[in-house]
Amino acid sequence: MLDIDKTKALINKNSTSFYAFEEDEFKNNYLDLLNTFRSIYSDYNIAYSYKTNYTPYICNCVKELGGMAEVVSDMEYTLAKKLGYSNSNIIYNGPVKGEKLKEHILNGGLLNIDNIDEAKNIMNIAKNNPNKFIKVGIRVNFDVGAGYISRFGLELDSDEFVETINLLKTMPNINIVGLHCHISRARNIDSWQKRIDKLLYAADKYLNKTPEYIDVGSGMFGKMDPFFAKQFGDNVPSYLDYAKVVAGTMERHYHGQEVKPLLISEPGTTIISNYMSLISKVVQIKTIRDKKFATINSSFYNAGDVCLVKQLPYYVLDNNLNLKTKECKGISVMGYTCLEQDCIAKNFNTELEVGNYIVFGNVGGYSIVSKPPFIQPNVPIFAISKKRNKEIEIKRYESFDDIFATFLIDGMYI
Ligand SMILES: *Cc1c(COP(=O)(O)O)cnc(C)c1O
């Protein structure tokens, strides 16, 4: 979470709520994940999940560190290209890919096929471009004990899976070079052993040669504030725990081979959530039938879905910007929207007064990208780095024009 001094410096310059991105901490954590995996299996790289938080400045930090881009739409693909990515460092995933997929795969880009209809579409592109060589991966679906049936990918060993592979193999200019999976809501270590075991089983059984890559998606826990981490139980795995299972299994499986597959993981929340904070001001406090509400100048959309299921880490600054520790039980911290469910924290237990600031941590994932233009435009983001003695604004406050530019007003677009 952003420390008190940095928060103070930013508060003095902003009248709205705002986000702070901790660049140095983000990069250190990124390198920790990378190096932990590489210490066990050297051919490993990170493909950052753009959908989680596609702030271009953050995507560029990943690029600077040598990371790949994992995109799931033409919009995200276009951003990766704008940031200077070559197609071979972009992985195009997702159930509904856009028209730019064609440009992508004809230029050596990686994609993971989700379904048989998409495979047929790729075969058509291959037919119409007989001089181009197309590399494809397959997203594989299997049960890792997540407790629900995932709709993504092709079910391992099913008729449709086998048919898709056989169809693709009939094309002389298509090469199946990789296997992929991504399963959400299953972050425990056992499920990770299953992921890597199933992918390697599929590679041995269905690919004619050693794959160029094995892509395990993500769904790992990242580093967390202790207050936040304890809400996930006592056994939150570390990067090393995951690396021992995933990179360790890869190392044993391909031991002694001269050319090993690239192991890829696609962290999103895993690497960004912990490095963004949301700083908001308390606007009003009221009690209704003994229930205490404090309303702030952010909404639950700014904090992201996570605030609905867990209590975000936080601290409070009083009106002199000193840390506040006085307890007070059971306040609901509510957002500025007109929705009853716009609650950012239930049972908040630090005393609040109008004019206090609340700093919420762990808001980097599914927040900026999931904030609808509902009632208010979005707020700015600042990047903080020790190398500069000044923060930089990496997203400005959205204006009326930003929101209404796409609507016809008085017969005209703005
Ligand atoms: C959302 C998504 C990710 C990101 O996973 P995290 O658990 O947030 O790290 C990775 N890969 C794919 C295909 C995704 O859809």
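Refer to the structure above for everything that follows.
Asks: Whenever I open this one, the layout of surface pockets confuses me. Can you help?
Replies: Sizing a probe to match a water molecule and rolling it over the atoms shows the empty space that remains. For the largest pocket, the calculated volume is near 1,300 Å³. Lining the largest pocket we find 50 residues, and of these Ser184, Arg185, Arg187, Thr269 and Tyr366 sit closest to its centre. Of the residues belonging to the lining of the largest pocket, the class tally is 18 nonpolar, 21 polar and 11 charged. Lining of the second largest pocket is provided by 15 residues; of these, Tyr54, Pro56, Ile368, Lys395 and Glu398 occupy positions nearest its centre. Sorting the residues of the lining of the second largest pocket by element identifies helix H4 (74-82) and strand S19 (392-395) as the ones contributing at least two each. Broken down by element, the lining of the second largest pocket gets its largest block of residues, 3 residues, from H4. For the lining of the second largest pocket, the residue count by class is 9 nonpolar, 2 polar and 4 charged.

Asks: When you look at empty space enclosed by the protein in this model, what are you seeing that I'm missing?
Replies: Using the criterion set out here, one finds 1 cavity of 30 Å³ or more in the structure. Along the lines of polarity and charge, the residues of the lining of the largest cavity split into 1 nonpolar, 1 polar and 5 charged.

Asks: Looking at this model, I keep getting lost on the packing of helix H6 (residues 116-128) against helix H7 (residues 159-169). Mind explaining?
Replies: Packed helix pairs are specified by the crossing angle of their axes together with the interaxial distance, meaning the distance between the axes. In the contact formed by H6 and H7, the axes pass within 10 Å of each other and the chain directions differ by 5°. Judged by the inter-axis angle, H6 sits roughly parallel to H7. Every residue of H7 that contacts H6 at Ile116, Ala119, Lys120 and Met123 is listed here: Glu160, Glu163, Thr164, Leu167 and Leu168. Its residues placed into classes, the contact of H6 with H7 shows 5 nonpolar, 1 polar and 3 charged.

Asks: Before we go on, may I ask you to explain H7 in this structure?
Replies: Since the α-helix turns once every 3.6 residues, residues separated by three or four places project in the same direction. Turning to H7, its buried residues number three or more, namely Phe161, Thr164, Ile165 and Leu168. In an axial view of H7, the angular spread of the buried residues amounts to 95°, which keeps them on one side of the axis. In this structure, the buried residues of H7 make contact with strand S5 (110-113), H6, strand S6 (134-141), strand S7 (154-155), strand S8 (174-180) and helix H8 (189-206).

Asks: What's the story with the site of the ligand in this structure? I'm lost.
Replies: Around the ligand sit 15 residues in total, of which Lys51, Glu266, Gly268, Thr269 and Thr270 are the nearest. The side chain of lysine 51 places a nitrogen or oxygen atom 2.5 Å from an oxygen atom of the ligand. Here arginine 187 contributes a side-chain N or O atom positioned 3.4 Å from an oxygen atom of the ligand. Put simply, the ligand lies in the largest pocket. Class assignment of the residues belonging to the shell around the ligand gives a composition of 2 nonpolar, 8 polar and 5 charged.

Asks: It is not clear to me how the state of the cysteines should be interpreted in this structure. Could you clarify?
Replies: A covalent bond between the sulfur atoms of two cysteines is what we call a disulfide. Inspection of the entire model under this criterion finds 0 disulfides. Of all cysteine sulfurs in the structure, the one in cysteine 343 sits closest to cysteine 328, which takes part in no disulfide; the separation is 15 Å. Among the residues examined, cysteine 328 registers a relative accessible area of 19% and is labelled buried.

Asks: Is there a simple way to explain the environment of alanine 80 in this structure?
Replies: Structurally, the position occupied by alanine 80 is in helix H4. Look at alanine 80 and you get buried, because its relative accessible area is 0%. Each C-alpha atom, one on alanine 80 and one on aspartate 159, is 35 Å from the other, the two residues being 79 residues apart in sequence. Discounting chain neighbours no more than four positions away, the residues touching alanine 80 are Tyr50, Ala69, Val71, Tyr85 and Ile90.

Asks: Could you clarify how one ought to interpret the nonpolar core in this entry?
Replies: The nonpolar side chains of soluble globular proteins are, as a tendency, buried together. If you look at the biggest cluster of nonpolar residues, it comprises 107 residues, and the most contacted ones within it are Ile214 and Phe360. If sequence neighbours within four positions are ignored, isoleucine 214 has contacts with Leu179, Ile196, Leu199, Leu200, Ala203, Met250, Tyr254, Pro261, Leu262, Leu263 and Ile264.

Asks: Is there a simple way to explain the pairing of strand S11 (residues 276-288) in this structure?
Replies: A regular strand carries its side chains on alternate faces of the sheet. Examined bridge by bridge, strand S1 (residues 18-22) and S11 share 4 bridges and lie antiparallel to one another. When the bridges of S11 are listed, tyrosine 19 appears paired with leucine 278. As judged from the 4 bridges shared by S11 and strand S17 (residues 357-360), these two strands associate in the antiparallel manner. When the bridges of S17 are listed, serine 280 appears paired with isoleucine 358. In the sheet, S11 pairs with strand S12 (residues 291-296) via 6 bridges, with the strands oriented antiparallel. Bridging across to S12, glutamine 284 finds its partner in threonine 295. What sits between S11 and S12 in their antiparallel hairpin is a turn of 2 residues, with arginine 289 showing a positive phi close to 45°.

Definitions and cut-offs
Residues numbered from 1 in each chain as written. Predicted model: local features only at pLDDT ≥ 70, side-chain atom pairs only at ≥ 80, totals over all residues. Heavy atoms only, no water. 1 Å grid on protein atoms, 1.4 Å probe; cavity = no way out; pocket = protein on both sides within 12 Å on 5 of 7 lines; lining within 4 Å. Points joined across faces, edges and corners; volume = space filled by probe spheres on them. Nonpolar A, V, L, I, M, F, W, Y, C, P; charged D, E, K, R; others polar. Helix = DSSP H or I, 4+ residues; strand = E, 2+ residues; numbered from the N terminus. Axes fitted to C-alpha atoms, helices over the stretch in contact; angles between N-to-C directions. Parallel < 35°, antiparallel > 145°, perpendicular 65-115°, else oblique. Contact = heavy atoms within 4.5 Å. Buried < 20%, exposed > 50% of the residue type's maximum accessible area, 1.4 Å probe, protein only. Arc of directions from axis to C-beta. Near = heavy atom within 4 Å. Polar contact = N/O pair within 3.5 Å; in protein donor to acceptor, adjacent residues only side chain to side chain. Sits in = over half its atoms within 2 Å of the grid points. Disulfide = S-S within 2.5 Å. Core = buried A, V, L, I, M, F, W, Y, C linked by side-chain atoms within 4.5 Å. Pairing = 2+ DSSP bridges.

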